[in-house]
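Coordinate inspection notes
Each chain, written out:
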Amino acid sequence: MTQNSNSQQYKVSRDGTKHGEDGQHHLVAGQQGSMRLWHNEQPSDTEDKQPHANDYETLGYVISGKVELDMNGQTILLGEGDSYCVPKGMQHTYRVTETLTAVEVTTPGQAG
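Our subject in this report is the structure included herewith. (Residues numbered from 1 in each chain as written. Predicted model: local features only at pLDDT ≥ 70, side-chain atom pairs only at ≥ 80, totals over all residues. Heavy atoms only, no water.)

Moving on, we get to the environment of Glu41. Assignment of secondary structure puts Glu41 in strand β5 (residues 34-41). Along the backbone, Glu41 and Gly65 are 24 residues apart, and their C-alpha atoms lie at a distance of 8.9 Å. Those residues in contact with Glu41, other than ones at most four positions away along the chain, are Asp22, Gly23, Val96, Thr99 and Leu100. (Helix = DSSP H or I, 4+ residues; strand = E, 2+ residues; numbered from the N terminus. Contact = heavy atoms within 4.5 Å.)

Okay, here's the thing in structure tokens:
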């Protein structure tokens, strides 16, 4: 990890990433946002996922795989090369339908 005198991280190497309780890899956090990676997330059922809202906005990009994002009364099908936005406070849930790798940025940033 490389940081300045204000403890701001400029670089986090692979071995320095933190893993979250849901399987995400917290990559790096700035003053206004943070980035995380969902790597090889396996297909899942929506039955065990309840709709929820976060107190942050999520911007994402699907690197590989497929996921269904249910939000605002519609199902959005996402695949390789698709980007998405889940606004702050929006009720949503998702279901991985094909092994997923995606990167997300949250604002404000989320702690690792």
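Still to come is the rest of the account.
Let us look at the environment of Gly73. By the secondary structure assignment, Gly73 is in the loop between β6 (57-71) and β7 (74-79). Linking Gly73 and His92, residues 19 residues apart in sequence, is a C-alpha distance of 9.0 Å.

Okay, the layout of surface pockets next. Its boundaries defined by the atoms lining it, the largest pocket holds a volume of some 520 Å³. What lines the largest pocket is a set of 27 residues, and nearest its centre among them are Arg36, Trp38, His92, Tyr94 and Glu104. For the lining of the largest pocket, the elements supplying multiple residues, two or more each, are β5, β6, β8 (83-86) and β9 (92-107). At seven residues, β9 tops the list of elements feeding residues into the lining of the largest pocket. A per-class count over the lining of the largest pocket returns 12 nonpolar, nine polar and six charged. (1 Å grid on protein atoms, 1.4 Å probe; cavity = no way out; pocket = protein on both sides within 12 Å on 5 of 7 lines; lining within 4 Å. Points joined across faces, edges and corners; volume = space filled by probe spheres on them. Nonpolar A, V, L, I, M, F, W, Y, C, P; charged D, E, K, R; others polar.)

What follows is about the nonpolar core. Residues Val62, Val67, Leu69, Met71, Leu78, Tyr84, Val86, Val96, Leu100 and Ala102 constitute the largest nonpolar core, which totals 10 residues. When contributions to this core are tallied by element, the ones reaching two or more residues are β6, β8 and β9. Take this core: its biggest share by element is four residues, from β6. Excluding residues within four positions of it along the chain, Val67 makes contact with Ile76, Leu77, Leu78, Tyr94, Arg95, Val96, Thr97 and Leu100. (Core = buried A, V, L, I, M, F, W, Y, C linked by side-chain atoms within 4.5 Å. Buried < 20%, exposed > 50% of the residue type's maximum accessible area, 1.4 Å probe, protein only.)

Let's shift gears to the environment of Val67. With respect to the helices and strands, Val67 occurs in strand β6. Residue classification places Val67 among the buried residues on the basis of a relative accessible area of 7%. A sequence separation of 11 residues divides Val67 from Leu78, and the C-alpha atoms of the two residues are 5.3 Å apart.

Bringing the pattern of salt bridges into the picture now. Tallied over the entire structure, the rule returns two salt bridges. Arg36 serves as the salt-bridge partner of Glu104, at 2.7 Å between the closest nitrogen and oxygen. Taken as a pair, Glu104 in strand β9 and Arg36 in strand β5 lie far apart in primary sequence, 68 residues in all. Take Glu104 and Arg36: they sit in the same class, and that class is buried. (Salt bridge = Lys/Arg side-chain N within 4 Å of Asp/Glu carboxyl O.)

Tracing the backbone shows Ser34 in strand β5. Residues within four places of Ser34 in sequence aside, it is in contact with Val28, Ala29, Glu104, Val105, Thr106, Gly109 and Gln110.

Okay, the pairing of β6 next. The side chains of a regular strand alternate, residue by residue, between the two faces of the sheet. Here β6 runs beside β9; their pairing, made up of 13 bridges, is antiparallel. Directly across from Tyr61, in β9, lies its bridge partner Val103. Pairing geometry for β6 and β8, over four bridges, is antiparallel. Bridge pairing in β8 places Leu59 opposite Cys85. Here β6 pairs with β7 via six bridges, running antiparallel. By the bridge assignment for β7, Lys66 is matched with Gly79. (Pairing = 2+ DSSP bridges.)

Purely geometric numbers; function is a separate question.
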